[in-house]
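Listed here are the chains, written in short residue letters.
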There are 2 protein chains.
Amino acid sequence: MAKEKKMVEAITSMDVDFAQWYTDVVKKAELIDYTSVKGCMVIKPAGYAIWENIQKELDARFKATGVENVYLPMFIPESLLQVEKDHVEGFAPEVAWVTHGGLEPLQERLCVRPTSETLFCELYAKDIRSHRDLPRLYNQWCSVVRWEKTTRPFLRSREFLWQEGHTAHATAEEAEERTIQMLNVYADFLEEVLAIPVVKGRKTDKEKFAGAEATYTIEALMHDGKALQAGTSHNFGDGFAKAFGIQYADKDNKLQYVHQTSWGMTTRLIGAIIMVHGDDNGLKLPPRIAPVQAVIVPIMQKKEGVLEKAYELEADLKAAGIRVKTDATDKSPGFKFAEQEMRGIPVRIECGPKDIEKGQAIVVRRDTREKTIVCFENLATEVANILDIMQTEMLETARAHREAHTTVARTWDEFVTALDANPGFIKGMWCGEKECEVAIKEETGATTRCMPFEQECLSETCVHCGKPAKKMLYFGRAY
Amino acid sequence: MAKEKKMVEAITSMDVDFAQWYTDVVKKAELIDYTSVKGCMVIKPAGYAIWENIQKELDARFKATGVENVYLPMFIPESLLQVEKDHVEGFAPEVAWVTHGGLEPLQERLCVRPTSETLFCELYAKDIRSHRDLPRLYNQWCSVVRWEKTTRPFLRSREFLWQEGHTAHATAEEAEERTIQMLNVYADFLEEVLAIPVVKGRKTDKEKFAGAEATYTIEALMHDGKALQAGTSHNFGDGFAKAFGIQYADKDNKLQYVHQTSWGMTTRLIGAIIMVHGDDNGLKLPPRIAPVQAVIVPIMQKKEGVLEKAYELEADLKAAGIRVKTDATDKSPGFKFAEQEMRGIPVRIECGPKDIEKGQAIVVRRDTREKTIVCFENLATEVANILDIMQTEMLETARAHREAHTTVARTWDEFVTALDANPGFIKGMWCGEKECEVAIKEETGATTRCMPFEQECLSETCVHCGKPAKKMLYFGRAY
C-alpha cells in the first residue's frame, strides 16, 4: 500500500480563535487559495461548485419573476462614474483604475466596475423610449472590484463574484414592489437552500447604498455572534433617472422619469455557509447546496466484490437524483472520513464485506454524526430522506442559535452587557438620529443592522440617548 | 389600437455590403448595444441567452471529460506575466494596465487578464506535488481584455467572454491526448449544436499561440467566404512548467515537470452563428442553440378564444420540451413575423379563428419559409420533428456552402484567381517555410488557416514558391 499522508491536519478550534478557524476551513476544505495578487483569491473546484449551485438556484428564481440576463462592460469611464454625485462619492475611493491600453496611455482613465448602476443607466437612457419598454428587468453575473484595505476570503476581497440586478419601472410603486420582491427572493433562497435564517429590514440612511433612496437587507447571524449582511435590494427612486436622463413617453405621450432598483448577492454567501453551519471538524454543507451530497466509502475495498457493490449503490443513488460519489482512492477509510467531514459532505455511506453479507450499509450524517443501518434496497430512499431531514434540521439549528443569541436591550446597560455576555443580535429602540448611530458604533463597535419589517415596541425611549424612540433596530458587530 | 412603430426596418443586403449587413443584424436582432467604452459592448438579453445556451452545452461536455470549474483573479502582476518569454511578447502589447487602487498608485502595475496561463501556472506550482495530484483539469468561464485597435461586435472586442481550460498532466502523451480531445469536443459542439461544419487541423508555427508547442484549431467558413477561427486547443509541452517550476514526484519519487494544455472558446461563436446561417431577413438560429425555438402568433387575437387557444398550444409545446413563447403584444401579425425572422426564431406558429375552427395551426420554418398545416393534436410532435429536421438541414446547407467555396489550387495562378472568383477556403500545398507564408499573406491577404488532419497530396510542389511541398494547408482571408 502506498505511503499515506498524515490524516487531515487538525484545524484551530472555533472557540479558541474563530477567525483562524475560518481561515483554516477555507484552506483545508480546499475552497480557495491565495495568489500573488494581494486581496484576490483563487476559488478552487470545491468552492466554485458551491457558487455554481448558488447561481443555478438563484438564476432560476430570478427568471421565474421575468428577469433577463445581460452582460455589460467591466470598465466605466471616469466621467460616467461621476454623473450621479452620491454614487461616485461612495465608490471612487475604492476603485481600481486602468490608465494604459497596450503601450499607450488612455485619454480618459477607466475604472474596473465596483458595481454597474452607471452603465445600466447609460443603456436604459438609450433603450427606453415608451411605457411599452417598461419594466426592464436585467441582471448580470460577473466579477467586480473594490480596492479594500483589509481582506478575508469570501467575506471581503478586492475582486469578488456576484450578480447585480438592475430594473427600470414606470412608477415609484412598481419599483418599490420589485425592491421588496427581490429581497424576498433572497430571503427565501437563504432559508430554503442555504438553511440560513435571516432578518429582513431596511437600512438606516447612514447605512444605505450610495445613491439609493432606500436599501433593504437580509441580515444573518454567524456562529461567533457576528452579523453578516447577506444581500441587499435598493430602491433608487428617480434619482439616477434624473441624473442620466432616463425618460419614457407615458400613455398620454408625456415624458416621465423611470424609477429604478438594483439588488445583489455575492460569493460572500459561501462565507456565510461556512460560519453558520461549520464546526471543529470543518465545513458542513446543507444538502440542497452541496455539490456532492453523499460519498460512498468502501471498507476493505481490495476484497472481492466490495468496489463493485459500491459502484452499484452509487448508480442506484444517482438514479434517484442524489449527487453521489465513491471514494475508491487508496487512502484509509479513517482518512477518507476525516477528509469528507472537512469538506462538509452531508452524508457518508460505509460499506464493507460484512455489510455486504448482511445486505446493508451504514449511513452517517455529517451534522449529528448519527449512524443508521440501511438495507441496500431502501438505501436511495433512505438517503434522500435523511438529506431532507438534515436540510430542515440545519435551518432549525441555525434559527435556534440565532434566537439564543438575540438579546432585547431596553437600557444602555443591558446593551453594553449583552455585547460581551451574549454576542449576537441586539434588539433595541432608536431615536432616529444619525448622531446616535455614530455614537453607538464608536462606543461599542456595534452597527445598526436594519430596521426590521417586524417592528416591536420594546420601550418608549432610545436605548442609547433616552430620547423618544421611533424605530426598533437590530444592532450587532458585523463582518 | 395603439400606434405602431414602422415595421422592422430593412437591413442592408448581405450581397451589397456584408460587413454592414452583419452590423445591422447584431443591432436589429437586439443582440448587442454599443457603450461609451470604445471597443466594449453590451450583450443584450437576446444575445446573452445564446451565450447561456453555449455555456450550458459546452460546460456539460467539459464536465463529462472530468473537467472542474474554478475562478482565478482578473489581475496579473506584471512580473508574473513576464515569467514565460514568448507568452509575454505575444500579449504585453495588447493588455490594459491597472496602475492605481483607490486613491493610491500601485507598487507594481497589474494587467487585466488577456488569458490566464500565468495564473494557472502559479496555482499549479503550489498545488501539484505528486503524481497523485495529476491530471489537473481546470476550466474557468470569465471575461478577458485585449486592447485591440479595430473592433467588431462578437468578432473582436476589447473585452469578451470566454472559457479557458488549463490542464496539467504527468506525460507528454497525456497532454497531447487532452489537447486533441478538447479540439474534438469543440468540433462536435459546433457541428451538432451550432450546425457549423469545421476543418480540424494544426496551426503553423507562425500562427500558433504565444508560448505553445502546438496549437490546434477548428476553422469555419462564413457566408461571405471568409474564414473564422472558432476555437483553439494548445499543447504547451513542459515549457511553462519549466518557467514556473511546476514539478511532481513520480512513482519512483523522482521530480518531473508536468505537461500542460489550454483551450478556449469565446463569444465570437455568436458572430459565427450569424455569419454562417443569417440571411437578408436577419438572424437564423439553429434550433438546438435558439433560446426561443418557436413563437406562437395569434391571428385576430382579440376574437374570443384565440388567445386562450394560443396559450393552450404553448402549454402543450412546453410540456414536450420545446422552448416556446406566445407573442400577444398589440403589434400586427406582419410586424411580429418580420421581428421574429430578424431575431432568428426557428419556427413560427400562426393560429387564428379560422384555424381554430378547423382544429389546426400553420407552422412556418425560418430557414426555408416552408409552411405546414398541422392539426392541434399533432402540433407538439410535429414542431419537435420540424426543429430536428431544421437542425440537420442547416448543417447540410452550411456544409454544401463550404464545399462550394473550397477551391483546390495547384498553381499560384489558380490560387490568386480563386481568391476573387470563389472566395472561401483554398487548399494548397506548402513548402513549410515561414517566409512563404509571410509572402502569401502580403501578396493576397490570405493566411494559413491550418494544416488539416486530413492531409491530401494535391501536387509535389509548394503552391507559392514551387519548392518541394511538405504539407497541405487550408488558406483563406480571415476575420
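Here, every reference points to the structure presented above.
Note that the coordinates shown come from a computational prediction; the quantities given were computed from them, not determined experimentally. (Residues numbered from 1 in each chain as written. Chains lettered and ligands numbered in written order. Predicted model: local features only at pLDDT ≥ 70, side-chain atom pairs only at ≥ 80, totals over all residues. Heavy atoms only, no water.)

*Asks:* Explain the packing of aromatic side chains here, please?
*Replies:* One pass over the full model with this rule turns up 34 aromatic pairs over all chains. Geometrically, the ring pair formed by tryptophan 51 of chain A and tryptophan 141 of chain A is edge-to-face, given 5.8 Å between the ring centres and 75 degrees between the ring planes. Placement of the pair is tryptophan 51 of chain A in helix α2 (residues 45–64) and tryptophan 141 of chain A in strand β7 (residues 136–145), with a sequence separation of 90 residues. For the residue pair tryptophan 51 of chain A and tryptophan 141 of chain A, the accessibility class agrees, reading buried in each case. Where phenylalanine 415 of chain B meets phenylalanine 475 of chain B, the ring centres are 5.0 Å apart and the plane angle is 80 degrees; that geometry is what we call edge-to-face. Here phenylalanine 415 of chain B, found in helix α13 (residues 412–421), pairs with phenylalanine 475 of chain B, found in strand β23 (residues 471–476); they are 60 residues apart in sequence, far enough to count as distant. Classification of phenylalanine 415 of chain B by relative accessible area gives buried; the value is 0%. Note on phenylalanine 475 of chain B: relative accessible area 0%, which makes it buried. Connected via pairs of aromatic rings, a cluster forms that spans Trp51, Phe62, Trp141, Tyr186 and Trp263 of chain A. The cationic tip of arginine 348 of chain A hangs over the ring face of phenylalanine 337 of chain A; the distance from NZ or CZ to the ring centre is 3.7 Å. One cation-aromatic arrangement involves lysine 226 of chain B over tyrosine 479 of chain B; the distance from NZ or CZ to the ring centre is 4.9 Å. (Phe/Tyr/Trp six-rings, centres within 6.5 Å; stacked < 30°, edge-to-face > 60°. Helix = DSSP H or I, 4+ residues; strand = E, 2+ residues; numbered from the N terminus. Buried < 20%, exposed > 50% of the residue type's maximum accessible area, 1.4 Å probe, protein only. Lys NZ or Arg CZ within 6 Å of the ring centre and 35° of its normal.)

*Asks:* What exactly am I supposed to notice about the sheet that holds strand β17 (residues 347–351) of chain B here?
*Replies:* Sheets are built from strands paired through backbone hydrogen bonds, the pairs being either parallel or antiparallel. All names here are of chain B. What the 5 strands build is an open sheet, ordered β16-β15-β17-β18-β19; its pairing is mixed. Edge positions in the sheet fall to β16 (324–326) and β19 (371–375), since each has one partner strand and no second. Going from strand to strand, the sheet's axes swing by 25 degrees on average, the running direction of each strand aside. The pairing of strand β18 (residues 360–365) with β19 spans 5 bridges and is antiparallel. Bridge pairing in β19 links valine 363 to threonine 372. (Pairing = 2+ DSSP bridges. Axes fitted to C-alpha atoms, helices over the stretch in contact; angles between N-to-C directions.)

*Asks:* Sorry if this is basic, but what is going on with the environment of glycine 305 of chain B here?
*Replies:* By the element assignment, glycine 305 of chain B lies in the loop between β15 (294–298) and α9 (306–319). Considered as a pair, glycine 305 of chain B and lysine 200 of chain B are 105 residues apart in the sequence and their alpha carbons are 53 Å apart.

*Asks:* Is there a simple way to explain the pattern of salt bridges in this structure?
*Replies:* Where charged atoms of side chains with opposite charge meet at close range, the side chains can pair. Within the structure shown, the criterion is met by 72 salt bridges over all chains. One network of salt bridges, in which partners are shared, links Lys27, Asp33 and Lys44 of chain A together with Lys126, Asp127 and Arg136 of chain B. (Salt bridge = Lys/Arg side-chain N within 4 Å of Asp/Glu carboxyl O.)

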